[in-house]
Protein chains: 2
Amino acid sequence: METTAAFYVGDRHFTIEQIDTKPPGPGEIQIDVAYCGICGTDLHVYLGHMDARVGKHRVIGHEMSGTVAALGEGVSGFEPGQPVVVRPLHHCGQCPACQRGHQHICQNLKFLGLDTHGAFQQKWTVPAHTLHHLPDGLPLSHAALIEPLAVACHDVKRGRVSPGDDVLVIGGGPIGMLIAMVARQAGGTVAISEINKNRIAFAQKLGFATHDPADGDVAESILKATGNKGADVIFEVSGSQPGVSLMTATAATRARIVMVAIHATAPQVDLFQFFWREIEMFGARVYEPQDYEEAMELLGAGVIDADAMITDIKRLDEIGDAFSDLAGNPEAMKTLIQCGTEA
Amino acid sequence: METTAAFYVGDRHFTIEQIDTKPPGPGEIQIDVAYCGICGTDLHVYLGHMDARVGKHRVIGHEMSGTVAALGEGVSGFEPGQPVVVRPLHHCGQCPACQRGHQHICQNLKFLGLDTHGAFQQKWTVPAHTLHHLPDGLPLSHAALIEPLAVACHDVKRGRVSPGDDVLVIGGGPIGMLIAMVARQAGGTVAISEINKNRIAFAQKLGFATHDPADGDVAESILKATGNKGADVIFEVSGSQPGVSLMTATAATRARIVMVAIHATAPQVDLFQFFWREIEMFGARVYEPQDYEEAMELLGAGVIDADAMITDIKRLDEIGDAFSDLAGNPEAMKTLIQCGTEA
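What comes next concerns the included structure.

## Some words on the overall build of chain A
Okay, so step 1: Looking only at helices and strands, chain A has 13 helices and 17 strands in total.
Okay, so step 2: Over its C-alpha trace chain A gives a radius of gyration of 20 Å, about what one expects of a compact globule, namely 20 Å for 343 residues.
Okay, so step 3: Projected onto its principal axes, the C-alpha positions of chain A cover 65 × 45 × 40 Å.
Okay, so step 4: Taken across its 343 residues, chain A has 58% of its residues classed as buried.
Okay, so step 5: For chain A, long-range pairs separated by at least 24 residues make up 69% of all intrachain contacts whose partners lie at least 6 apart in sequence.
Okay, so step 6: Entry remark: accessible area of chain A is about 13400 Å², with carbon and sulfur atoms responsible for 48%.

## Some points on the relation of the copies chain A and chain B
Okay, so step 1: Rotating chain A by 180° and moving it 0.0 Å along the rotation axis overlays it on chain B with an RMSD of 0.0 Å. What the rotation and shift describe, once combined, is the action of a two-fold rotation axis. Identified as the residue of chain A closest to the rotation axis by C-alpha distance is Q268(A), at 2.1 Å.
Okay, so step 2: Mapped onto chain B, 100% of the interface residues of chain A are again interface residues, and the two copies thus contact each other with one and the same surface.

## Concerning the side chain of T4(A)
Okay, so step 1: Its place among the elements puts T4(A) in strand β1 (residues 2-8).
Okay, so step 2: T4(A) has contacts with I16(A), E17(A), Q18(A), Q121(A), Q122(A) and L316(A), leaving out every residue within four places of it along the chain.

## Things to note about helix α11 (residues 289-300) of chain B
All names here are of chain B.
Okay, so step 1: Compared with the 16 Å implied by 1.5 Å per residue over 12 residues, the 17 Å span of α11 between its first and last C-alpha is a close match.
Okay, so step 2: Here α11 has its buried residues at D291, Y292, A295, M296, L298 and L299. For α11, the angular spread of the buried residues around the axis is 165°, confining them to a single face. Opposite the buried face of α11, at more than 90 degrees from it, the exposed residues are E297 and G300.
Okay, so step 3: Check the buried side of α11 and you find it contacts β5 (83-86), β9 (131-133), α4 (140-143), α5 (146-158), α6 (174-185) and α12 (306-309).
Okay, so step 4: Looking one or two residues past α11, G302 carries a phi angle of roughly 80°, positive in sign.

## Points about the pattern of salt bridges
Okay, so step 1: If you walk through the whole model with that rule in mind, you get 36 salt bridges over all chains.
Okay, so step 2: As a salt-bridge pair, D232(B) and R100(A) come within 2.7 Å of each other at their nearest N and O atoms. Of the two residues, D232(B) is situated in strand β13 (residues 231-236) and R100(A) in the loop between α3 (96-99) and β7 (110-111); the pairing between them involves two chains.
Okay, so step 3: Judged by relative accessible area, D232(B) falls into the buried class, the value being 3%.
Okay, so step 4: Notably, a salt bridge pairs K229(A) with D232(A), separated by 3.0 Å at the nearest N-O pair. One exposure class covers both K229(A) and D232(A), and it is buried.
Okay, so step 5: Taken together, the salt bridges that share partners define one network made up of K157(A), R158(A), E288(A), D291(A), R254(B), E278(B) and E280(B).

## Here's the deal with the interface of chain A and chain B
Okay, so step 1: If you look at the interface, chain A gives 42 residues, while chain B gives 42 residues.
Okay, so step 2: Together, the buried faces of chain A and chain B total about 3900 Å²; carbon and sulfur atoms form 57% of this surface.
Okay, so step 3: Viewed at the interface, chain B and chain A are joined by eight salt bridges.
Okay, so step 4: Where E280(A) meets R158(B), a salt bridge forms, and the shortest distance between an N and an O atom there is 3.0 Å.
Okay, so step 5: Run the count over chain A and chain B and you get 23 residue pairs in polar contact (both at pLDDT 80 or more).

Reading guide: rules and limits
- Residues numbered from 1 in each chain as written.
- Chains lettered and ligands numbered in written order.
- Predicted model: local features only at pLDDT ≥ 70, side-chain atom pairs only at ≥ 80, totals over all residues.
- Heavy atoms only, no water.
- Helix = DSSP H or I, 4+ residues; strand = E, 2+ residues; numbered from the N terminus.
- Rg over C-alpha atoms; globule rule 2.2 N^0.38 Å.
- Buried < 20%, exposed > 50% of the residue type's maximum accessible area, 1.4 Å probe, protein only.
- Contact = heavy atoms within 4.5 Å.
- Areas by Shrake-Rupley, 256 points an atom, 1.4 Å probe, with all protein chains shown as cover.
- Least-squares fit on C-alpha atoms with pLDDT ≥ 70 in both.
- Expected span 1.5 Å × (residues − 1).
- Arc of directions from axis to C-beta.
- Salt bridge = Lys/Arg side-chain N within 4 Å of Asp/Glu carboxyl O.
- Buried area = accessible area lost by both parts, 1.4 Å probe.
- Polar contact = N/O pair within 3.5 Å; in protein donor to acceptor, adjacent residues only side chain to side chain.

Below, the structure written as structure tokens:
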């Protein structure tokens, strides 16, 4: 059967191709993809930063929603037509990390949509263990936010945000904004540090206090706002040296820093402050199954303003424009690609 | 009453002075100091690195043991002649850290022997709340190790070392060596990474596996020794860029790094590895009261080889020689100053 798929072919280009889909194999499920959001990682692929990992003929995309199309041999618990999302992690089960119950950071982890073909296509076949049932009544467009929202749930869990905590999110992009919303729901008093004026306005519209480093010393403002205590939980989502400097300058004694950003170079870190204030830091990567469950609950409960987050929706055959628009647009938050023929 | 005190007077010099001692004030206790060890921080003072903090007429020293000499007004629970040690931390009780129960890292902490006069003198007067009774039968020379041993107990507690953990101590100086002994007692399989041949030999004599970066890639050796898992708990005690690089290179998924060293400059840290393996890091500074209790128990139980650790004992009037010897001696571990007239 022929379907349509968008292939990243290197150097900011996609081709739209008609391909033959095989039926799902044993243990697999085939999905009719409805929507797939563009992740920051997908943008890195588009810009050519990850060719060594993904190659130059790869269907990418992993922030998806859809419905079950067909079940492979031995698969149960799902029925054609059911709305689902995929947790795009395939672990080995054998390495020391898996043996200790950390399958989500398996030492041989395959990330679906990077290390395998992804969801920027009409039909996507994945291991059945990666699927989550969607709750009734959740629009499939909103459900495409579940993957990044699960990242935020995982991050907030790693930071153990509790009622009364002063929380600082450094970097107000899509993930930072979702972290802020989840941390607020967990009882934190959340501020966001951001340099982009459009994102500052977006954060304020969602009700968050904001700090712009261009307007003065952010650490000083935070200390003043917290009675000389500092922030209890800090999410470093900027991936920048100024962000890394801010995270230690603004930390309370025994503060918990969550390292969300992907730092391609090793920045300078004020380790003296770690010693002096007994600061704690927790790396946080992707999500565990319960983070997906929590993300679906929060989305269903209306905690996340999905309509505000989704700033654009484009068709699969417009994927090239969608990426080039997003790469240069400071007002965008989340762009979805509509992969199916109907909403 | 006249007694003898050693004053740091700047630029690698001490003067021995006869001073008048006042009786202890309300809430204070005066101690006949028996022994006081030379800490790495004291060496920094001696080398002139901390003049801005301590000035140039300061009695330093805080790794001490002694006996109660006199009680100030309103002090109970101690009697003259009782053997004691001092936990040299005076907190404000008012700041956010104190209010949250973290008095040991009080935001206005006074460290006795740096911010006030210390124990390199015959009689030392301190707030009564800083004293711990010594258990019977512990030699006062050994008891001078309780302060650095409490540091090690605090560090191991921060790293939550548990039976079966693979532990790496980066830096085999006195604190690194004590951490290694406490971590082994907690059930860890402990290795030490160290560049100084004398310290490597010392560590091996105490039964520890050692890694010398000069002999090959330490991270590779650790991964090989742990079935490609890495170390579960890592103590960074070197205060060096190579140590900081090693701590991330050798970490297992979800490893716990304890930041013990005082990093005067901000080194480059591979934050990508924190993200990728969800590494955790915990700053650790000084100790809490229970760390002193644990240190006394471990010392009493013979877990720490005190005689091996104490590599020299000198008289108070030899303090200048003691510091200059220690500064240039790669074989030294811990030098004690005998402050009293008898052992």
